[in-house]
Amino acid sequence: MIITIFRSRLRPEHREEYERLAPHIEALARTMPGFVAIKGFTAPDGERVSIVEFDTEENHIAWRNHPEHREAQRLGREKFYAEFHLQVCRVERAYGMPPV
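Read on for an overview of the structure. (Residues numbered from 1 in each chain as written. Predicted model: local features only at pLDDT ≥ 70, side-chain atom pairs only at ≥ 80, totals over all residues. Heavy atoms only, no water.)

### Some remarks on the environment of Phe35
Here is the rule: Secondary structure elements are taken from DSSP: a helix is a run of H or I of four residues or more, a strand is a run of E of two residues or more, and numbering for both begins at the N terminus. Burial classification: accessible surface area is computed with a 1.4 Å probe over protein chains only, and a residue below 20% of its type maximum counts as buried, one above 50% as exposed, and the rest as partly exposed. Contact definition: two residues touch when any of their heavy atoms are within 4.5 Å.
Inspection of the secondary structure assignment puts Phe35 in strand β2 (residues 35–42). Residue Phe35 is classed as buried on the basis of its relative accessible area, which comes to 17%. For the pair Phe35 and Met1, spaced 34 residues apart in sequence, the C-alpha to C-alpha distance is 10.0 Å. Among all residues touching Phe35, those that are not within four sequence positions of it are Ala29, Arg30, Glu53 and Phe54.

The structure is reproduced here in structure tokens:
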């Protein structure tokens, strides 16, 4: 499994436009082959964290290169994000308990 951890801070002047586009991009990710999950969190200090999981590196790369996602990435760099940090990780081990 490949996990992307995307940390960012939005520019306040473009928040509304971002919030209109983000649900579409998330819905698009969910249609991609190998999509596993996406979760988003916002810290009290305004930092946002998204965790995106794909089953294989090939499917992760296909998502990264999807034309609409590429355009959203461009808008993010040029307009939406005051800062961001991205990490792409390969799962070495995973375990847990089922929910109660």
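### Quick notes on the side chain of His66
Checked against the element boundaries, His66 lands in the loop between α2 (57–65) and α3 (67–80). What His66 contacts, discounting residues up to four positions off in sequence, is Leu28 and Met32.

### Quick look at the pairing of β2
The cut-off we apply is this: Strands are labelled as partners when DSSP assigns at least two bridges between them.
Sheet analysis places β2 next to strand β3 (residues 48–54), joined by seven bridges and oriented antiparallel. Note on β3: the bridge partner recorded for Ile38 is Val52. Taking the residues between adjacent antiparallel strands as the criterion, β2 and β3 are bridged by five residues, where Gly46 takes a positive phi near 95°.

### Focus: the sheet that holds strand β1 (residues 2–10)
Basically, it comes down to this: Axis definition: a line fitted to C-alpha atoms, limited for helices to the stretch in contact. Angles are taken between N-to-C directions and run from 0 to 180 degrees.
Sheet architecture is open: four strands sit in the order β2-β3-β1-β4, paired in antiparallel fashion. Looking along the sheet, the strands with just one partner apiece sit at the ends: β2 and β4 (81–90). Averaged over all neighbouring strand pairs, the angle between strand axes comes to 15°, with direction disregarded. Each of β1 and β4 touches α3; the most contacted strand, β4, lies at about 145° to it.

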